[in-house]
Amino acid sequence: QMAERLGDNPRLATFLASCYAREGRWDNSRRQIEKAVNQAPRDPLVQVWSSYISKENGEPEQASVILGRATEYNRKGEYVLPALLQARFCQNNGDTECARESWQTIYNYNLDYLPAVAGMAWVNGQKKNYSEAVKLIDKGLRISPDYIPLLILRQKAERESWYANN
């Protein structure tokens, strides 16, 4: 109700779509993001949320196309979110080089951004560059000792015996 009083704009519709998505109310989420895309088809944040909602609705091919569009509209690098979603998409698909490119872009922007630190640690682990992966894991855990993606990665490294050896 309060959102209705804020007016009719694409960022508000995107925000509502993200809230509905968080609640698992996918029909409402899709309706809001479609409204936002119609209002601002070249807005990279609207596009990236549209990609996320498509992916969560079981449309990975469509999500990939939309994410490409979001990245294209974000050429100036104003927003981190398109690169972050691209990095996670690549990582989840096991595409190490694609993930490396996106994580590196984000990492270069902010060397202490935990998702990028964890992403670069994952990339280095995949490439068997274990000493660099361990450095990044340790760096990230110094920033936030409870950051779950890094704790999971450290556990994997310990299980595979490359954490202690580096």
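Here the structure is a predicted model, which means the values were calculated and not measured. (Residues numbered from 1 in each chain as written. Predicted model: local features only at pLDDT ≥ 70, side-chain atom pairs only at ≥ 80, totals over all residues. Heavy atoms only, no water.)

### With respect to the packing of helix H4 (residues 44-56) against helix H5 (residues 60-73)
Here's step 1: Where H4 contacts H5, the axes come no closer than 8 Å and their chain directions differ by 165°. Here H4 is positioned roughly antiparallel relative to H5, judged by the angle of their axes. Where H4 crosses over H5, the handedness of that crossing is left-handed. When H4 is examined against H5, the residues Pro-44, Gln-47, Val-48, Ser-50, Ser-51, Ser-54 and Lys-55 are found in contact with a partner set consisting of Gln-62, Ala-63, Ile-66, Leu-67, Arg-69, Ala-70 and Tyr-73. (Axes fitted to C-alpha atoms, helices over the stretch in contact; angles between N-to-C directions. Helix = DSSP H or I, 4+ residues; strand = E, 2+ residues; numbered from the N terminus. Parallel < 35°, antiparallel > 145°, perpendicular 65-115°, else oblique. Left-handed = near helix turned anticlockwise from the far one by under 90°. Contact = heavy atoms within 4.5 Å.)

### Focus: the environment of Ile-53
Here's step 1: Tracing the chain through its elements places Ile-53 in helix H4.
Here's step 2: The sequence separation of Ile-53 and Lys-135 amounts to 82 residues, and the corresponding C-alpha distance is 35 Å.
Here's step 3: Setting aside residues no more than four positions away along its own chain, Ile-53 makes contact with Ala-17, Ala-21, Trp-26, Ser-29, Arg-30 and Ile-33.

### Here we look at the environment of Val-80
Here's step 1: Checked against the element boundaries, Val-80 lands in the loop between H5 and helix H6 (81-92).
Here's step 2: Between the C-alpha atom of Val-80 and that of Gly-94, which follows or precedes it by 14 residues, the distance is 21 Å.
Here's step 3: The contact partners of Val-80, leaving out residues within four places of it in the chain, are Ile-106, Tyr-109 and Tyr-113.

### Considering H5
Here's step 1: Counted at 1.5 Å a residue, the expected span for H5 with its 14 residues is 20 Å, and the 20 Å between its end C-alpha atoms agrees.
Here's step 2: Those residues of H5 that sit buried are Ala-63, Ile-66, Leu-67 and Ala-70. Viewed along the axis of H5, the buried residues span an arc of 105°, placing them on a single side of the element. (Expected span 1.5 Å × (residues − 1). Buried < 20%, exposed > 50% of the residue type's maximum accessible area, 1.4 Å probe, protein only. Arc of directions from axis to C-beta.)

### Brief notes about the pattern of salt bridges
Here's step 1: For the structure shown, the criterion picks out 11 salt bridges.
Here's step 2: For the salt bridge of Asp-43 with Arg-11, the shortest nitrogen-to-oxygen distance reads 2.9 Å. Of this pair, Asp-43 sits in the loop between helix H3 (26-39) and H4 while Arg-11 sits in helix H2 (residues 10-23); the two residues are 32 residues apart in sequence, bridging distant segments of the chain.
Here's step 3: For Asp-43, a relative accessible area of 12% translates into the label buried. (Salt bridge = Lys/Arg side-chain N within 4 Å of Asp/Glu carboxyl O.)

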